[in-house]
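Tertiary structure, described
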Amino acid sequence: MLSRKDLDELEKAIAKRREALEKEVHGDAARSRDDVFSALAGPVADRGDEAQADLISDLDSAELSRDLEELRELEAAQARLRSGKYGVCEDCGQDIGIERLRAQPGARRCFDCQRVHEKTFAHPGESKL
């Protein structure tokens with residue numbers, strides 16, 4: 001069971017990380033709008049330039065998707081804090097270790113359940129960038 005001190009510490013960590021992510025997402029979205037393909041590829045595009053521009057665009061998109069997913073996890077963690085369910089594994093109902101929550105404040109599962117979840121729902125055909 002998490003102490004009030006632990007909950008306060010984690011709540012502050014979640015808020016701080018969420019604020020940083022929001023700034024990053026806004027910056028990434030603005031940059032993405034500004035990065036026109038022709039600007040990425042250069043004035044005289046060839047296949048190599050096109051491939052490079054595609055790669056940069058795909059990496060930017062993957063980074064933005066990852067950040068948005070983390071932002072959603074943190075919002076869900078804040079909702080669990082408000083409801084008193086923060087720090088409880090959604091699969092087994094046991095406490096999530098404080099070390100795991102410090103490392104991953106949005107964690108919804110204990111270490112063992114998360115490992116099972118990842119093995120069960122692994123998608124080998126998807127990119128892991």
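See the structure shown above.
Residues numbered from 1 in each chain as written. Predicted model: local features only at pLDDT ≥ 70, side-chain atom pairs only at ≥ 80, totals over all residues. Heavy atoms only, no water.

Some thoughts on the side chain of Gln114
- Within the secondary structure, Gln114 sits in helix α5 (residues 111-120).
- With relative accessibility at 16%, the residue Gln114 sits in the buried group.
- At a separation of 3.4 Å, a polar atom in the side chain of Gln114 contacts the side chain of Arg109. (Helix = DSSP H or I, 4+ residues; strand = E, 2+ residues; numbered from the N terminus. Buried < 20%, exposed > 50% of the residue type's maximum accessible area, 1.4 Å probe, protein only. Polar contact = N/O pair within 3.5 Å; in protein donor to acceptor, adjacent residues only side chain to side chain.)

What to know about the pattern of salt bridges
- For the structure shown, the criterion picks out 13 salt bridges.
- The partner of Glu70 in a salt bridge is Arg17, with the nearest N and O atoms 2.9 Å apart. On the criterion of sequence distance, the pair formed by Glu70 in helix α3 (residues 47-83) and Arg17 in helix α1 (residues 4-34) is long-range, its members being 53 residues apart.
- Judged by relative accessible area, which is 31%, Arg17 ranks as partly exposed.
- Across the pair Arg108 and Glu90 runs a salt bridge, and its minimum N-O distance is 3.1 Å. Pair noted here: Arg108 is in the loop between α4 (98-103) and α5 and Glu90 is in the loop between α3 and α4, with a separation of 18 residues, a long-range link. (Salt bridge = Lys/Arg side-chain N within 4 Å of Asp/Glu carboxyl O.)

Concerning the environment of Glu73
- In this structure, Glu73 sits in helix α3.
- For Glu73, a relative accessible area of 25% translates into the label partly exposed.
- Between the C-alpha atom of Glu73 and that of Pro105, which follows or precedes it by 32 residues, the distance is 8.7 Å.
- Those residues within four positions of Glu73 in sequence are excluded, and the remaining contacts are Gln104 and Gly106. (Contact = heavy atoms within 4.5 Å.)

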